Amino acid sequence: MWEETFKTHTDSKPNGNSLASLCKPSTGPSSLGLDFSLPGFEHVYGIPEHADNLRLRTTESTDPYRLYNLDVFQYELYNTMALYGAVPLLLAHNIHRTLGIFWLNAAETWVDISSNTAGKTLFGKMLQYMQGGGETPQTDVHWMSESGIIDVFLLLGPSPSDVFKQYASLTGTQALPPYFSLGYHQCRWNYNDEEDVRNVDAGFDEHDLPYDFIWLDIEHADGKRYFTWDANKFPTPKNMLTGLKEKRRKMVAIVDPHIKIDSGYRIHSEIRSRNFYVKTKDASDYEGWCWPGSAAYPDFTNPDMRAWWSSMFSYDQYEGSMDNLFVWNDMNEPSVFNGPEVTMHKDAVHWGEWEHRDVHNIYGLYVHRATAEGLIHRSGGKERPFVLTRAFFAGSQRYGKTVQKMYTETDVGGFFKSPEPELLLRWYQAGAYQPFFRAHAHLDTPRREPWLHGETNTDLIRTALRERYALLPYWYTLFYNAHRDAEPVM
C-alpha cells in the first residue's frame, strides 16, 4: 500500500515511508531529518557537487540542495539540482570560527538552508550595526535523507584547516597521485583508432607541446564490452601503448560498470556465474539500458565482487594492457538510461539485502575503490594508481582523482559545442592552474587539439602548458601536503 509511481517506474517501498512507521513500527521509518541552527554565521559552503556559487544560498524560494548521484547530460547553472557526486559536508564560516557538519548518509539527501539575514542589503546590515540594534545573524540548515540512520559529526574547527583535518580523520586524506598524472591530459569522445592516436601524439611533438596522457572513451572497446579492444580500430593495443611508452607517455581507457548482456562476453558470463549482479526486488538480475544496449550492473557493495573486479586489471586478464595504461570510471552514479531519473530503481537489492535507496550515493565510490585496488595489485603493490571517477562520495579521495574535491577541474574547452579560439585559449590558461588539467570534448564537437586554432593561439597555449610543467614540483608538494595534512590543493 506504500508504493509510488514515477512516470512509468514503480517504487515498491517494501519498508514503507515515514507515514508507514506510524502504522507499522516494526519496519521503522524510511526517512529522517534533523535541524541545525548556526548562530553568528551568515556564510555556509560545501555539499558538493552543484553548479552554483561557492557560497551556498538560502533555499526558501527554491528546491533544497539535492545530494543524489545522477548522470545529467546537460546541467543548469546556478541550480540546486543533483549532479554526479555527493559529499554531505557543510562548512559554516565567520571571522571568528569555522565549523563543519558531516551528515554520513548515502541515501538521497536534501539540504534546506534559511537565514535571518537573507534579502538584507549590505547597507541595511551596516545601518543596523551602527544603530546598535537588530538580531544576531543566524543560518539554519535542515538535513533530510530518505533512509538510513542519523549519523552526524560536528567538526568544531576552529580554523578552516582544522575542519579539513577533522573531516580527513573520519574519511581519509587525498591519495598521493603519481607525479606524471599532474601534467596535461588530452582527451575526447573518442579518438577513432590507432592511427588517430599516433597522429595526435605526433602533433604534440611537431608543435613542441608537452603532454603526458591521451585518453580513449567508450568507442575503443569491442561493442562497449569493457576490458576489450575493437579489433578493427585497435587491433594491436600493445604496439600502440609501446609507442607511447617509448616517449614516456601514458594512456587512459574507460572502464564503466554497466556490463553488456552477452553470453559470449567473458566478463558478463563470469559475473553472472558468480551471482555478482545487483538484483531486482524479485531476486532476478537487475537489467537496464546503457551504452552497450541491454546491460547488467555488478554489485560493488559485495567485497567478493570488488576483489574479482580488481583481479580483472592484471595483465593476464586485461588483454592488451600494459603498465602505462590507466583507467577512467564513468557512468558510475550508476547510469541506467531507461531507469527513473536515468539511474537505478530504488527497490533494487544489493549484497546483504540492502535496498539501492540506502546505498545509492556510495555505489560510485565502490566502483572507484575496486578499480584503484586493481591497479595497485597488478603492480604487486609497488605503484600508485591513476583512476578518474565521475561519481563520488565522502571518502572517494582515498582512491585517486575525483571530478571536483581535491582535484578541482573542468573539461578544457567544454564538453559541448565549440568555443571561439579566444575562449579556448583562456580555458587553457585557467586550466593550467587547476589541480587536474585535461581537455575533453563531446563526440559531435569539431576537433580542437591545441594546434588547430592558428599559430598565435598555438604559441599562447604552448606557453600555458609550459607554465604548468614548470610548476609540477610545486603541484606535487601541494598534493603531498593534501595527502599528509589534509590541506586543500586549491
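Keep in mind that this is a model prediction, so the values were computed, not measured.

Engineer: Which parts of the structure should I look at to understand the domain arrangement of the protein?
Structural biologist: The accessible area lost on association of the parts is a frequent measure of interface size. Split into domains, the protein comes out as domain 1 (31-171) and domain 2 (179-485). For domain 1 versus domain 2, the distance between C-alpha centres works out to 30 Å. Taken together, the 27 residues of domain 1 in the interface contact 29 residues of domain 2. Taken together, the two surfaces of domain 1 and domain 2 that pack against each other cover about 2400 Å², and 51% of this comes from carbon and sulfur. Contact with domain 2 buries surface across domain 1, with Asn69, Asp71 and Ala106 losing the most and accounting together for 25% of the total. Where domain 1 meets domain 2, there are five salt bridges.

Engineer: How should I be thinking about a nonpolar patch on the surface in this particular structure?
Structural biologist: Together, Tyr75, Leu77 and Tyr78 make up an exposed nonpolar region whose accessible area comes to about 360 Å². One can find Leu77 in the loop between strand S5 (65-67) and strand S6 (89-93).

Engineer: I tried to follow the environment of Pro210 on my own but got confused; where do I start?
Structural biologist: Tracing the chain through its elements places Pro210 in the loop between helix H4 (194-206) and strand S12 (213-216). For the pair Pro210 and Arg466, spaced 256 residues apart in sequence, the C-alpha to C-alpha distance is 7.0 Å.

Engineer: What should I look at first to understand the UniProt feature "domain: Glycoside hydrolase family 31 TIM barrel" (unreviewed entry) in the protein in this one?
Structural biologist: The UniProt feature table records "domain: Glycoside hydrolase family 31 TIM barrel" (unreviewed entry) at residues 175-400 and 407-478. This span, residues 175-400, is 26% helix and 15% strand, and a straight line between its end C-alpha atoms measures 5 Å.

Engineer: Looking at this structure, I do not really get the packing of aromatic side chains. What am I missing?
Structural biologist: The description of an aromatic ring pair rests on the distance of the ring centres and on the angle between the ring planes. A full pass over the atoms with the stated rule returns 32 aromatic pairs. Summarising the aromatic geometry, the rings of Phe204 and Tyr211 are spaced 4.2 Å apart at their centres and angled 25 degrees between planes, so their arrangement reads as stacked. Taken individually, Phe204 and Tyr211 each receive the classification buried, so the pair is uniform in this respect. On the numbers, 5.8 Å between centres and 90 degrees between planes, the contact of Phe300 with Tyr363 is edge-to-face. With a gap of 63 residues between them, Phe300 in the loop between strand S16 (293-296) and helix H7 (303-311) and Tyr363 in helix H9 (residues 363-378) connect regions that are remote in the sequence. The class of Phe300 is buried, set by a relative accessible area of 0%. Pairwise contacts between aromatic rings join Phe180, Phe213, Trp215, Phe326, Trp328, Phe386 and Phe436 into one cluster. We note Arg438 situated over the ring of Trp328; from NZ or CZ to the ring centre the distance is 5.0 Å.

Engineer: What is the right way to read the nonpolar core from this model?
Structural biologist: One recurring pattern in soluble globular proteins is that nonpolar side chains are buried together. Tyr184, Trp215, Phe227, Met251 and Trp309 are the most contacted members of the largest nonpolar core, which has 98 residues in total. Counting the residues that make up this core, at least three belong to each of domain 1 (31-171) and domain 2 (179-485). Setting aside residues up to four positions removed in sequence, Met251 forms contacts with Val197, Phe213, Ile214, Leu216, Trp229, Met240, Leu241, Leu244, Asn324, Leu325 and Phe326. Leu38, Leu56, Leu99 and Trp103 belong to the second-largest nonpolar core, a separate cluster that totals 19 residues.

The rules behind these values
Residues numbered from 1 in each chain as written. Predicted model: local features only at pLDDT ≥ 70, side-chain atom pairs only at ≥ 80, totals over all residues. Heavy atoms only, no water. Domains from an automatic or database assignment. Contact = heavy atoms within 4.5 Å. Buried area = accessible area lost by both parts, 1.4 Å probe. Salt bridge = Lys/Arg side-chain N within 4 Å of Asp/Glu carboxyl O. Patch = residues over 30% accessible without salt bridge, like charges linked within 9 Å, V, L, I, M, F, W, Y side chains within 5 Å. Areas by Shrake-Rupley, 256 points an atom, 1.4 Å probe, with all protein chains shown as cover. Helix = DSSP H or I, 4+ residues; strand = E, 2+ residues; numbered from the N terminus. UniProt positions renumbered as here; feature names shortened; annotations may be inferred. Phe/Tyr/Trp six-rings, centres within 6.5 Å; stacked < 30°, edge-to-face > 60°. Buried < 20%, exposed > 50% of the residue type's maximum accessible area, 1.4 Å probe, protein only. Lys NZ or Arg CZ within 6 Å of the ring centre and 35° of its normal. Core = buried A, V, L, I, M, F, W, Y, C linked by side-chain atoms within 4.5 Å.

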